[in-house]
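Chain by chain, the residues:
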Amino acid sequence: EAKDRVDANASIIFVPAPFAKDAALEAISADMNPVVIITDGIPVKDTMELIAEARRRKTTVIGPNCPGIITPSECKLGIMPGNIYRKGSIGIVSRSGTLTYEIAAMLTDAGFGQSTCLGLGGDPVVGLSFVDVLEMFRHDHITKLVVMIGEIGGNAEELAAEYITRASYPKPVVAYVVGRAAPPGKRMGHAGAIITGRSGTVESKERALELVGVSTAAKPTDVPTIVSRIVKD
């Protein structure tokens, strides 16, 4: 009905978790693209089903359990505070919502505007990966440098490292990985942020990224300093 009334072309979903799958499928069937899912706590099986349908219909799903996406001065589909962003050439892709805001604000204060910033979502299954977004930034002529904000758990950052070297990635990448002090076996905030065995640690992720030439930050405040050094070079 909304599409018929206002010619909508994208959807942002805040529907409670038990009903979020139906809301997403409704948006996908109405050819909304992208579909941004803010809701957290969606059952993994539901997420798998809605993402499978989105891929079948070539619909981009951002999230679930994410802050959304913003291109400063142009458009926002999300819950991020828009006033901290400034138009520029730094792309940000993150598994964490609040750290996206924090680092974006630091970059703005340091004089570095952003092209597009988006949160992948903190669940074990999400619509986009670091690799997907790095590929998008690769072809975006406005984005000159990419900031990746990762966290413990899973292998998304390691897969990004493989992609960067395999694709001879042409743009500098700066990464910050959250969870240095996280104990193994304990979930930290996000459903996907859990260290299992020897995999998923900050150290393993940083090692993989540094081996392919990514500059890694030990703490969030280091990100603008590293970006400044790269831009000057």
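Structure first, text after, so check above.
Small disclaimer: the values here were computed from a predicted structure and weren't measured.

Caption draft 1: Up close: helix α3 (residues 44-56). With 13 residues, α3 ought to run about 18 Å at 1.5 Å a step, and its terminal C-alpha atoms sit 18 Å apart, in line with that. What α3 keeps buried is the set D46, T47, L50, I51 and A54. Looking straight down α3, one finds that the buried residues subtend no more than 125 degrees of arc, so they occupy a single side. Exposed and facing more than 90 degrees away from the buried side of α3 are K45, R55 and R56.

Caption draft 2: Main features of the sheet that holds strand β9 (residues 173-178). With mixed pairing, the seven strands of this open sheet are ordered in space as β5-β4-β7-β6-β8-β9-β10. Since the sheet does not close on itself, it has two edges, and those belong to β5 (75-78) and β10 (215-217), each with one partner. Direction aside, neighbouring strands of the sheet carry axes that sit 20 degrees apart on average. Where strand β4 (residues 68-71) and strand β7 (residues 114-119) come together, two bridges link them in antiparallel fashion. The partner of I69 across the bridge, within β7, is L118. Across the face of the sheet, helix α7 (residues 202-211) comes into contact with β8 (145-151), β9 and β10 while running at roughly 170 degrees to β9.

Caption draft 3: Quick look at helix α4 (residues 97-109). Taking 1.5 Å per residue as the helical rise, α4 with its 13 residues ought to reach 18 Å, and the 19 Å between its terminal C-alpha atoms agrees with that figure. Three or more residues of α4 are buried, namely G97, L99, T100, Y101, I103, A104, L107 and T108. Packed against the buried residues of α4 are β6 (87-94), β7, β8, β9 and α8 (222-232). Regarding α4, its N-cap is S96, as a side-chain oxygen of that residue lies 3.3 Å from the backbone nitrogen of L99 further along.

Caption draft 4: Quick look at the pairing of β8. Of all seven residues in β8, seven are buried; the element is thus mostly enclosed. Sheet topology note: the β6/β8 ladder contains five bridges and is parallel. Paired with I92 across the two strands is V147, which belongs to β8. Looking at chain direction, β8 and β9 are connected through six bridges and run parallel. Each bridged residue has a counterpart across the sheet, and for E151 the counterpart in β9 is V178. Once the chain exits β8 it traverses helix α6 (residues 156-166) before rejoining the sheet at β9, and the crossover so formed is right-handed.

Parameters and conventions
Residues numbered from 1 in each chain as written. Predicted model: local features only at pLDDT ≥ 70, side-chain atom pairs only at ≥ 80, totals over all residues. Heavy atoms only, no water. Helix = DSSP H or I, 4+ residues; strand = E, 2+ residues; numbered from the N terminus. Expected span 1.5 Å × (residues − 1). Buried < 20%, exposed > 50% of the residue type's maximum accessible area, 1.4 Å probe, protein only. Arc of directions from axis to C-beta. Pairing = 2+ DSSP bridges. Axes fitted to C-alpha atoms, helices over the stretch in contact; angles between N-to-C directions. Contact = heavy atoms within 4.5 Å. Polar contact = N/O pair within 3.5 Å; in protein donor to acceptor, adjacent residues only side chain to side chain. Right-handed = clockwise from strand over helix to strand, strands pointing away.

So, to be careful, I would describe these as geometric facts and stop short of saying anything about function.
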